[in-house]
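Spelled out from the first residue to the last, the chains are:
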Amino acid sequence: MLKPNTEFGELFLQGAKAAHPEVIEEAFNPGDELQTQVFSLKNKDAQAIINPGYEPDHLRMFKALQSYKFAPLLSMQEDDISPASKNAYPDLVKRATFFGFEDVSPKLKELLRQRDPESSKHSHVAAGLAYLHIKQLYTALARCPGGNIQCQKEELGKSQADSSMGFLGWKDRIAQFSVPLKRWENGHSVPVITGQENN
């Protein structure tokens, strides 16, 4: 696993090790070139690499993989695969399994289309997440007069499940989502396992 030195990187490593205790970890700071980490994973004969980092980290990972002629199976966040990655490293992108959010519901897509008829939003998922959490914050604030922060925290934690984004609720102050697994085929991501099957 290429593990970013971030809180989410630590949480991801915990989950990966719970499923597969033999996970090999190569840590990096966001922005690192990743040549050393990828070379180390190749020398350890890693058959797959999980990288929950940011989009620029994936580009650097792809560059390192290509320079070392190393093509393991890959797993990463779907939203972090940019057009630059798809264009520059199509053979590596095809080897990836993506985890990400459920597709935005048709009702929410229509609302977003009405608000942005030119479809200037890069990602319906990002816009949908913003819409979901703003609704949750508004509801929590409206239920807590006088700016009572403790009340707001409690109300936010009670946010109801919302199928428009696959939101399942909050657990230990971490948003829980239905997370499907997808593959890249013919220029599109295609679900392999739906979020309901995967939870």
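Worth saying up front: this structure is predicted, and the values here are computed from it rather than measured.

Burial of strand β3 (residues 48-51) is one-sided: the residues Ile49 and Asn51 facing one way are buried, the residues Ala48 and Ile50 facing the other way are not. Here four bridges tie β3 to strand β4 (residues 73-77), and the two strands are oriented parallel to one another. Each residue of the ladder has a partner; that of Asn51, found in β4, is Met76. Handedness of the β-α-β unit built from β3, helix α3 (residues 55-67) and β4 comes out right-handed.

Moving on, we get to the environment of Ser85. Relative to the helices and strands, Ser85 resides in helix α4 (residues 83-88). Considering only alpha carbons, one finds Ser85 and Lys63, 22 residues apart in sequence, at a separation of 9.5 Å. Residues within four places of Ser85 in sequence aside, it is in contact with Glu55, Leu59, Phe62, Pro90 and Val93.

Moving on, we get to the layout of surface pockets. Regions of empty space are outlined by a rolling probe, equal in size to a water molecule, passed over the atoms. Estimates place the volume of the largest pocket at around 1,500 Å³. Around the largest pocket sit 41 residues that line it, and Phe8, Leu11, Phe12, Pro52 and Phe99 are the ones nearest its centre. Counting only elements with at least two residues in the lining of the largest pocket, the list comes to α1 (7-19), β3, β4, β6 (167-171) and β7 (174-177). Partitioned by chemical class, the residues of the lining of the largest pocket number 24 nonpolar, 10 polar and seven charged.

Our next topic: the state of the cysteines. This model, assessed by the stated rule, comprises one disulfide. One disulfide bridge connects Cys144 with Cys151, the sulfur atoms lying 2.0 Å from each other. Handedness here is read from the sign of the S-S torsion; for Cys144 and Cys151, about -75°, the answer is left-handed. Per residue, the accessibility class of Cys144 equals that of Cys151, and both read buried.

The rules behind each value
- Residues numbered from 1 in each chain as written.
- Predicted model: local features only at pLDDT ≥ 70, side-chain atom pairs only at ≥ 80, totals over all residues.
- Heavy atoms only, no water.
- Buried < 20%, exposed > 50% of the residue type's maximum accessible area, 1.4 Å probe, protein only.
- Helix = DSSP H or I, 4+ residues; strand = E, 2+ residues; numbered from the N terminus.
- Pairing = 2+ DSSP bridges.
- Right-handed = clockwise from strand over helix to strand, strands pointing away.
- Contact = heavy atoms within 4.5 Å.
- 1 Å grid on protein atoms, 1.4 Å probe; cavity = no way out; pocket = protein on both sides within 12 Å on 5 of 7 lines; lining within 4 Å.
- Points joined across faces, edges and corners; volume = space filled by probe spheres on them.
- Nonpolar A, V, L, I, M, F, W, Y, C, P; charged D, E, K, R; others polar.
- Disulfide = S-S within 2.5 Å.

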